[in-house]
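Tertiary structure, described
Below are the chains, spelled out letter by letter.
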Amino acid sequence: MEVTTAPMSIRNRIHRGGKRKLLLLMALTLVVGLSVAACGGEEEQPAAAPPAPVEPPPPPPPPPPPAPGEPPAPPPPPPPPGDPPPPPPPPPPEQDDAMMEDDAMMEDDAMMEEGCQVEGVGEDGIIRAFQTQDLSEVIGTIAVHGQRGAQIALEVLADRGGILGCELQIDFIDEPFDGNDPAPCLRNYREAIQSGNYDFYIGPTSSACMFALPDLTKAAGQFVFSGIAADHQPYQENYTKQGPYIMHPAVSTFLEGRSMAQWAIDNGFSRAAVMVPNYAYGQDVGSSFVKRFEAAGLEVVSQQFPEFNEENLTPFINAMVAEEPDLIVMAMFGNFIVPFWQQWKDCCADLGIATVTGLAFSSTFEVSGLSSADFADNTYAYNRGDWHLRCATPTGLELCQRWAEKYGTEDERDLPIPGAFAFVNYGDVLAAAAVIEATGTLDPDAWVALIESGDFCYDGPYQQNQTCVNPVNHMANNCAEVGLITEDPSLHYPVSYDPATFDVYCMSDVLPPEEVRVLTENPAATDAAFQTYLDNVAANATTDAAWVTELPGPR
């Protein structure tokens, strides 16, 4: 099979020149707006031209000849004297942007009035979905961000008139996170499936639960979209067992591990030590990193596996440092990163070894009370959707604006900036809605057929253009980034990323076409469909990622 490689999407390093371009564009927009406003006011307008003379109406056609034996029809009476000819119809009024928006809203309202147009929806016109989340905040505010992102997606869909006139509702069930025991989480999903109340499912916070969940949904003949946890490394290799009723619109562990490996390769590191916790998330990220790094001919000099939520990391640090790496790679996340950062700062900051870890994001900074005194120089981290980048995409900006309105006020300063998992769950819901809208049905086989055509793309928060879905592994071409951890006193939580240091990687950057079928066996997706997907990725690729440093609303 011959396939063409899509160009890299947005892996370019982002420089501060992007900010200057954005500011220039904003300034130009403001100048144009002011110029348009200055055209009104009290300036005298030229007199209107006189109307063109009205053409007389054409004479009426002659009456038909009479039938044989019938008298001729009398001629039509003449028009009353003095009646003017009828005026010509007025020209259609010009529509400005506001009128066009009103028309669009009227169309949405009309669609809602017509009722739900999706095949398989009940008489109430409601599509129902289910998701468990760690709303108890065992691992910080990850799930809170996720739930709020999903709720904003529901608002966006409602404002558009629903999904073909149907309302989407999601039941969020609390499942306190337990990294090593998926049983309670799976029990929630099993009970939801047995209830018969739901049309599809969104994956949970727990990685172990997400890995096992497709067995349940497949047996029930129902569809699951990856949610907060998106463990795609094992899923790709077990597609024949877990597919086909699954799609991964969320950023995955596969992208996470490979992005950190590609970042290390691009930045000249050659000897890496790896420390990942011994549960599903950590193992998937570590495995993905090691395979990609070693495939490039580079060396992994040490691998350490602390227990989940281990606080004393010094023995593991000592074991890695003894092998003299130039980079230490971790798969910690959220607030679990903080003990490493503090112990590394105390023992080894003067060694000059760079560190990079998975999933440092808003929750990490919110719960930890970190300052620059808590982490060393050369501290990097991976993020599944930092707001600096995601608020600069058209679909991401909509979330950011609504987030600022809802949670950026003085009495809602607990989470004033959307975290990575807000964008993840927001994108999950929009992807599910797009599948339903494109097929017009709740039939999961129709969803699979659409995905495996290679011609399914949707508006998501990760790219400037549309995000396309790989027909072989059902994985969206989403993006994530690696950047330097720094301190920004202007932020509500001052520890953040320096966006000028971001390297951005999409799935098309880290999973070459020739590897796709090596990892995933799915003969239902044809070579032609796969090529269609690659063509769509190329058509939607962006050569640069604009970024912003201001979020609407209070900070």
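I will try to describe carefully the structure that is included in this document.

Reading the values: the criteria
Residues numbered from 1 in each chain as written. Predicted model: local features only at pLDDT ≥ 70, side-chain atom pairs only at ≥ 80, totals over all residues. Heavy atoms only, no water. Helix = DSSP H or I, 4+ residues; strand = E, 2+ residues; numbered from the N terminus. Buried < 20%, exposed > 50% of the residue type's maximum accessible area, 1.4 Å probe, protein only. Contact = heavy atoms within 4.5 Å. Pairing = 2+ DSSP bridges. Axes fitted to C-alpha atoms, helices over the stretch in contact; angles between N-to-C directions. Disulfide = S-S within 2.5 Å. Parallel < 35°, antiparallel > 145°, perpendicular 65-115°, else oblique. Left-handed = near helix turned anticlockwise from the far one by under 90°. Right-handed = clockwise from strand over helix to strand, strands pointing away. Arc of directions from axis to C-beta. Core = buried A, V, L, I, M, F, W, Y, C linked by side-chain atoms within 4.5 Å. Phe/Tyr/Trp six-rings, centres within 6.5 Å; stacked < 30°, edge-to-face > 60°. Lys NZ or Arg CZ within 6 Å of the ring centre and 35° of its normal. Polar contact = N/O pair within 3.5 Å; in protein donor to acceptor, adjacent residues only side chain to side chain. Nonpolar A, V, L, I, M, F, W, Y, C, P; charged D, E, K, R; others polar.

Describing the overall build of the protein chain
- Helix and strand counts for the protein chain come out as 19 helices and 14 strands.
- Here the protein chain holds 555 residues, and 52% of them are scored as buried.
- For the protein chain, the share of sequence-separated contacts (at least 6 apart) that also reach a separation of at least 24 residues comes to 77%.

Remarks on the sheet that holds strand 3 (residues 200-202)
- Ordered by their spatial adjacency, five strands build an open sheet running 2-1-3-4-5, and the pairing between neighbours is parallel. The open sheet has two edge strands with one neighbour each: strand 2 (167-174) and strand 5 (246-247).
- When strand 4 (residues 224-225) meets strand 5, the two strands line up parallel, connected through two bridges. Counterpart to Val 224 in the pairing with strand 5 is Ile 246.
- Each of strand 1 (126-133) and strand 2 is contacted by helix 3 (residues 142-159), which is oriented at about 170° to strand 2, the strand it contacts most.

Brief notes about unusual backbone geometry
- Residues Gly 243 and Pro 244 are joined by a peptide bond in cis, for which omega reads 5°.
- One can find Pro 244 in the loop between helix 7 (239-242) and strand 5.

A short note on the state of the cysteines
- All told, the structure shown has six disulfides when counted by the stated rule.
- Each disulfide pairs two cysteine sulfurs, and for Cys 116 the partner residue is Cys 166, the sulfurs being separated by 1.7 Å. In this structure the cystine formed by Cys 116 and Cys 166 twists about its S-S bond by roughly 80°; its chirality is therefore right-handed. Of this pair, Cys 116 sits in the loop between helix 2 (97-114) and strand 1 while Cys 166 sits in the loop between helix 3 and strand 2, and the two are 50 residues apart along the sequence.
- A disulfide bridge connects Cys 347 with Cys 348, and the sulfur atoms are separated by 2.3 Å.

A few points about the packing of helix 4 (residues 183-195) against helix 5 (residues 207-220)
- Running from N to C, helix 4 and helix 5 point in directions that differ by 20°, and their axes come no closer than 10 Å. Classed by the angle they form, the pair helix 4 and helix 5 counts as roughly parallel. Of the two possible hands of crossing, helix 4 and helix 5 adopt the one that is right-handed. Two secondary-structure elements touch here, helix 4 through Cys 185, Leu 186, Tyr 189, Arg 190 and Ile 193 and helix 5 through Cys 209, Ala 212, Leu 213, Leu 216, Thr 217 and Ala 220.

A look at the pairing of strand 13 (residues 479-487)
- Bridge count for strand 10 (residues 379-383) against strand 13 is four bridges, and the pairing is antiparallel. Its bridge partner being in strand 13, Ala 381 is matched across the sheet by Gly 483.
- As judged from the eight bridges shared by strand 13 and strand 14 (residues 495-506), these two strands associate in the antiparallel manner. For Glu 487, the partnering residue across the bridge sits in strand 14 and is Val 495.

Structural notes on the pairing of strand 6 (residues 271-275)
- For strand 6, a buried count of four out of five residues is recorded, marking the element as mostly surrounded by other parts of the structure.
- Pairing geometry for strand 6 and strand 7 (residues 299-304), over five bridges, is parallel. Within strand 7, the position partnered with Ala 272 by the bridge is Val 300.
- With respect to chirality, the unit in which strand 6 leads through helix 9 (residues 280-295) into the neighbouring parallel strand 7 is right-handed.
- As judged from the four bridges shared by strand 6 and strand 8 (residues 327-330), these two strands associate in the parallel manner. When the sheet's bridge partners are listed, Val 274 is paired in strand 8 with Val 329.

Regarding the sheet that holds strand 14
- One open sheet accounts for seven strands, arranged 7-6-8-9-10-13-14; its pairing is mixed. At either end of the open sheet lies a strand with only one pairing partner, and these are strand 7 and strand 14. For this sheet, the mean angle separating the axes of adjacent strands, direction not counted, is 25°.

Digging into the environment of Ser 270
- Mapping Ser 270 onto the fold places it in the loop between helix 8 (253-266) and strand 6.
- Ignoring sequence-local partners within four residues, the contact set of Ser 270 consists of Phe 293, Leu 298, Glu 299 and Asp 326.

Things to note about helix 10 (residues 314-321)
- Within helix 10, burial applies to Phe 316, Ile 317 and Met 320. The arc that holds the buried residues of helix 10, viewed along the axis, is 100°, so those residues lie on one side.
- On its buried side, helix 10 packs onto strand 6, strand 7, strand 8 and helix 11 (337-348).

Quick look at the nonpolar core
- Counting residues in each nonpolar core, the largest one holds 108 residues, and the members touching the most others are Ile 127, Phe 200 and Met 247.
- It is helix 15 (residues 420-439) that contributes the most residues to this core, 14 residues altogether.

Some points on the packing of aromatic side chains
- Within this structure, the stated rule accounts for 20 aromatic pairs.
- Ring geometry for Phe 530 and Tyr 533: centres 6.2 Å apart, planes at 15°, overall stacked. Taken together, the residues span about one helical turn, with Phe 530 and Tyr 533 both in helix 19 (residues 527-540) at a distance of three residues.
- Judged by its relative accessible area of 0%, Phe 530 falls in the buried class.
- Each member of the aromatic cluster is reached from another via a ring pair, and the members are Phe 130, Tyr 189, Tyr 198 and Tyr 201.
- Sitting above the plane of the Tyr 407 ring, Arg 148 keeps its charged end 3.9 Å from the centroid.

Re the side chain of Asn 383
- You can see Asn 383 is positioned in strand 10.
- Judged by relative accessible area, Asn 383 falls into the buried class, the value being 2%.
- Of note is the side chain of Asn 383, whose polar atom sits 3.0 Å from the backbone oxygen of Ala 360.

Quick notes on the packing of helix 14 (residues 394-407) against helix 15
- Where helix 14 meets helix 15, the closest approach of the two axes is 11 Å, and the angle between their N-to-C directions is 120°. Comparing the axis directions of helix 14 and helix 15 gives the class oblique. Our pair here, helix 14 against helix 15, has a crossing hand that is right-handed. Two secondary-structure elements touch here, helix 14 through Thr 395, Gly 396, Glu 398, Leu 399, Cys 400 and Trp 403 and helix 15 through Ala 422, Phe 423, Tyr 426 and Leu 430.
- Tallied by class, residues from the contact of helix 14 with helix 15 come to seven nonpolar, two polar and one charged.

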